[in-house]
Structures are given as structure tokens and as C-alpha cells.
Amino acid sequence: MHDRFTVDEEERPPAGPAETLRLIEEQRAAAMRQIRVDDRLWYWPWGFAWLIGFALLFLRYGPDGRVFVDLPEWLPVAVLVALLIAAGVVSAMTGTRAYGQLSGDSARRGAYYGWAWTVSFVAIAVILGKVTASLSHELAIMIWAATSVGLTGALHMAGGAIWLNRPLFQLGVWISVVNVAGVLAGPGWQSLINCVAGGGGMIVFGVVAARWKRRRGHERRAA
Amino acid sequence: MSDAPLDPVIHAQARLRVTAALSTLGSGDRITFPRLQEILGMTAGNLSVHLRKLEDAGYVEITKTHRGRTPVTLVALTPRGRVAFEEYTAAVRALLQPTDITEAT
């Protein structure tokens, strides 16, 4: 009896056009909230990993061989790598949450993009591991940072192309510019630049991107 | 405008909510039945009834597949369903905003 009442109720048209539009807006907003992921979840783990990791590198391996804080030699790199791995895990979980219940073009796009990151980073880790063994510590840090930051910039630009996401593309360009500036500034300064402009940039970007998507969502609904 | 009736398939609260929720997916995307159910807060039986009506109208496509060994039901709006939803929304909006004032006088 009760069930029947519910079905009847739901068969009834909404009360008037205004009510209908309100129902559509509400339902779309509710669906978006549940399906879409907050951009901060994508960018903040990486942003903070760079911010903290490169800050430690700068403090231990400053410009012209200066040591600002006498940390154990292994510590900065270990912290940076650990934070990057943690960020990778968070991204994988976020991706599963975003696309795990979906199937089709978006899910495939997300999965391919995730694999592109994994495969290319494993590849450069193997290559750099081999090459930098014969370099000075200072130069090794520089090459590792420049290659990984450069690849990150390139993948972000590619992401912007895949999703036609302008801020994401701009972030890729920004990271690429920051990367070159760091290398030109030289060892030590490079870490500081990656820390502030790279890591800080990504944190700021997380906020901007979340706003941009909300605004686009509104525009699409209004159109 | 008022003499053109609104699409009766969509013009029922439950199916309007289903269609609106599915319209947020990108074209070419499908969502699992339980996830859709969770978003809409409907019972499985109730959602099935409305999905069948939408499917009969050609607005929704339901695919049964397997992920590993678990059967999965995927739901998506068809291109036709998307157009119907857009036309419905436009018609409702037109009811709210009488555009031509001269015609009214």
C-alpha cells in the first residue's frame, strides 16, 4: 500500500515550471557533488610533497655547497621520495573513487592518463639511476629534479589537451618554466624555486581549478 | 507554447530526477546501477521501474556486463535521451520566460 503511494507520488509531474527547474538544478548539483572530485584532492598532496621535500633539499644542499641546516645527508631525498609516493597513492585512490563507478570514455581516459604517469616515471627512474651514479651529488640532484619536474610539466600540459582544461594546461606551462628557471639558477637555488614556485604553485592551482570547474558547471547549466 | 505538451516520459518527478542525474555524465560514459541508486536515494525496485520506462522510450541504455566475476549493470543516457532532456528543459524554461511581449498583448 505504502509502496504504491510512493510510486504514484513519483509519477506526478512537478508542480509548475519553476518547481521543475529547481528539481533539475538540485538533482544535477547533487549528482555532480557525488561524481566529481574536489581538485584539491588531486593537487595538494603533490604540492605539499614538493613544498616540503624541496625545502629540505634546499636547507641541506644550498647554493655554493652551503648547509643551512645540518640534516643527515639521506634525509631530504628520502622525505621527498616518501611524500611523492604518498601523493601517488592518494591520486590512485582519488582516481578510483572518481572513475571506479563509471565506465566508458571518461574512465578509460583517466586510466590511460594514470598509466602514462606510472610508466614514464618508472622509465626515467631506471634511466637516471643508471646515469647519475657516475655524477657528483650536486649534479645528480639537479638532473633528477630537472627531469622529473620537466616530465610533470609535460604530463600536465597533455592532461590539459585531453580534457580541454585550460588551467591544467597553464599549470603544465608554469611547471615547465619554473623547471628551466631552476636549472638556470643553478644547484641549491633550483630546490628553492621548485619548492616555492612549483609546490606553492600547485597548491594555489588546486584552489583556482576547483573554482574554475564550479563556474563552468554553473555556465553549462545556465546555457 | 503552453499547447505543446511536455514530454510525458520525462515529465514525472522520479524520471525527471533520473534523467537529470544521468545528464551530468559525459557522453560515452556509463554509471553503475548501485551508484546511481545511491545518488538518487531510490529503492532498487523503484529505480528499475523508472529505468525500464526510460529504456522503452529509447532515452536510456542499460548494459549488463561483468567485472571479473561480478555482474555489473551500467546505465547511460542515449543521445536521443540527452536531446529529449535538453528539449524538455528548454520547454520548461520557455514557460517561465515569455519571450515575445507583443504576442502577449
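As a reminder, the structure under discussion sits directly above these lines.
This structure is a prediction, so every number in the text was calculated from the model and none was measured. (Residues numbered from 1 in each chain as written. Chains lettered and ligands numbered in written order. Predicted model: local features only at pLDDT ≥ 70, side-chain atom pairs only at ≥ 80, totals over all residues. Heavy atoms only, no water.)

Visitor: Could you clarify how one ought to interpret the overall build of chain A in this entry?
Guide: Each helix and strand in chain A was counted, giving eight helices and one strand. Along the chain direction, N to C, the helices and strands of chain A fall in the order α-α-α-α-β-α-α-α-α. In terms of C-alpha radius of gyration, chain A reaches 23 Å, well past the compact-globule figure of 17 Å for 223 residues. Judged by the C-alpha coordinates and their principal axes, chain A covers about 80 × 30 × 25 Å. Within chain A, the proportion of its 223 residues that are buried is 40%. When contacts within chain A are restricted to residue pairs at least 6 apart in sequence, those whose partners lie at least 24 apart make up 68%. Summing over all exposed atoms, chain A offers an accessible surface of approximately 12,300 Å²; the carbon and sulfur share of this is 69%. Separation between the mean location of the 21 positive side-chain charges and that of the 16 negative ones in chain A comes to 5 Å. (Helix = DSSP H or I, 4+ residues; strand = E, 2+ residues; numbered from the N terminus. Rg over C-alpha atoms; globule rule 2.2 N^0.38 Å. Buried < 20%, exposed > 50% of the residue type's maximum accessible area, 1.4 Å probe, protein only. Contact = heavy atoms within 4.5 Å. Areas by Shrake-Rupley, 256 points an atom, 1.4 Å probe, with all protein chains shown as cover. Lys, Arg positive; Asp, Glu negative; His and termini not counted. Charge placed at Lys NZ, Arg CZ, Asp CG, Glu CD.)

Visitor: Hey, could you run me through the interface of chain B and chain A in this one?
Guide: By a frequent convention, interface size equals the accessible area lost on bringing the separate parts together. In this assembly, 34 residues from chain B lie in contact with 32 residues from chain A. Where chain B abuts chain A, roughly 2,900 Å² becomes buried across the two surfaces, and 55% of that area is made up of carbon and sulfur atoms. On the chain B side of the interface with chain A, the three residues burying the most area are Gln13(B), Thr24(B) and Arg35(B), jointly 21% of the side's total. Our count for the chain B to chain A interface comes out at zero salt bridges. There are ten residue pairs in polar contact (both at pLDDT 80 or more) connecting chain B and chain A. Considering only residue class, the side of chain B that touches chain A consists of 15 nonpolar, ten polar and nine charged. (Buried area = accessible area lost by both parts, 1.4 Å probe. Salt bridge = Lys/Arg side-chain N within 4 Å of Asp/Glu carboxyl O. Polar contact = N/O pair within 3.5 Å; in protein donor to acceptor, adjacent residues only side chain to side chain. Nonpolar A, V, L, I, M, F, W, Y, C, P; charged D, E, K, R; others polar.)

Visitor: Help me understand the pairing of strand β2 (residues 60–67) of chain B, please; the structure alone is not making it clear to me.
Guide: On any regular strand, side chains alternate: one points to one face of the sheet, the next to the other face. Residue and element names in this part refer to chain B. Relative to strand β3 (residues 70–77), β2 runs antiparallel, the two being bridged by eight bridges. Across the sheet, His66 pairs through a bridge with Pro71, a residue of β3. Taken together, β2 and the strand that follows it, β3, pair antiparallel across an intervening segment of two residues, in which Gly68 is found at a positive phi of about 65°. (Pairing = 2+ DSSP bridges.)

Visitor: How do you make sense of the sheet that holds strand β1 (residues 29–32) of chain B when you look at a structure like this?
Guide: Through backbone hydrogen bonds, the strands of a sheet pair up, either in parallel or in antiparallel fashion. Read across the open sheet, the four strands follow the order β1(A)-β1(B)-β3(B)-β2(B); overall the sheet is antiparallel. Edge strands, defined here as strands with exactly one partner in the open sheet, are β1 (102–104) of chain A together with β2 of chain B. Across the sheet, the mean angle from the axis of one strand to that of its neighbour is 35°, orientation sign disregarded. The strands that helix α3 (residues 44–56) of chain B touches are β2 and β3 of chain B; relative to β2(B), the one it contacts most, it runs at about 115°. (Axes fitted to C-alpha atoms, helices over the stretch in contact; angles between N-to-C directions.)

Visitor: What's the story with the pattern of salt bridges in this structure? I'm lost.
Guide: Between side chains of opposite charge, a pair can form as their charged atoms come close. In this structure the tally under the stated criterion is seven salt bridges over all chains. The partner of Arg22(A) in a salt bridge is Glu19(A), and the shortest N-O contact between them spans 2.9 Å. Of this pair, Arg22(A) and Glu19(A) both sit in helix α2 (residues 16–35), three residues apart, roughly one helical turn. For Arg22(A), a relative accessible area of 38% translates into the label partly exposed. The exposure class assigned to Glu19(A) is partly exposed, which follows from its relative accessible area of 27%. In this structure, Glu61(B) and Arg30(B) form a salt bridge, with 3.3 Å as the shortest nitrogen-oxygen distance. Placement of Glu61(B) in strand β2 and of Arg30(B) in strand β1 is noted, with a sequence separation of 31 residues between them. Owing to a relative accessible area of 40%, Glu61(B) belongs among the partly exposed residues under this scheme. Given a relative accessible area of 23%, Arg30(B) falls into the partly exposed group. What emerges from the salt-bridge pattern is a single network uniting Glu19(A), Arg22(A) and Glu26(A).

Visitor: Please explain helix α7 (residues 166–185) of chain A as it appears in this structure.
Guide: Residue pairs spaced three or four apart in an α-helix point in one direction, given the helix's 3.6 residues per turn. Residues and elements named next belong to chain A. Here α7 contains 20 residues, and its C-alpha end-to-end distance of 28 Å stays within 8% of the 28 Å for a straight helix at 1.5 Å per residue. Along α7, the residues classified as buried are Pro167, Leu168, Leu171, Gly172, Ile175, Val178, Asn179 and Gly182. Taken down its axis, α7 places every buried residue within 145° of arc, on the same side. Those residues of α7 that are exposed and aimed more than 90 degrees away from the buried face are Arg166 and Leu184. If you check the start of α7, you find a side-chain oxygen 3.2 Å away from the backbone N of Leu168, and it comes from Asn165. (Expected span 1.5 Å × (residues − 1). Arc of directions from axis to C-beta.)

Visitor: Explanation requested: the packing of helix α1 (residues 13–22) of chain B against helix α4 (residues 79–96) of chain B in the structure shown.
Guide: Each pair of packed helices can be described by the angle between their axes along with the distance between the axes. All names here are of chain B. At a closest axis distance of 10 Å, the pairing of α1 and α4 adopts a crossing angle of 115°. Accordingly, the angle class assigned to the pair α1 and α4 is roughly perpendicular. Once α1 is placed against α4, the crossing between them reads as left-handed. Residue-level contacts link Leu16, Thr19, Ala20 and Leu22 of α1 to Arg82, Phe85 and Tyr88 of α4. A class-by-class count of the residues in the contact of α1 with α4 yields five nonpolar, one polar and one charged. (Parallel < 35°, antiparallel > 145°, perpendicular 65-115°, else oblique. Left-handed = near helix turned anticlockwise from the far one by under 90°.)

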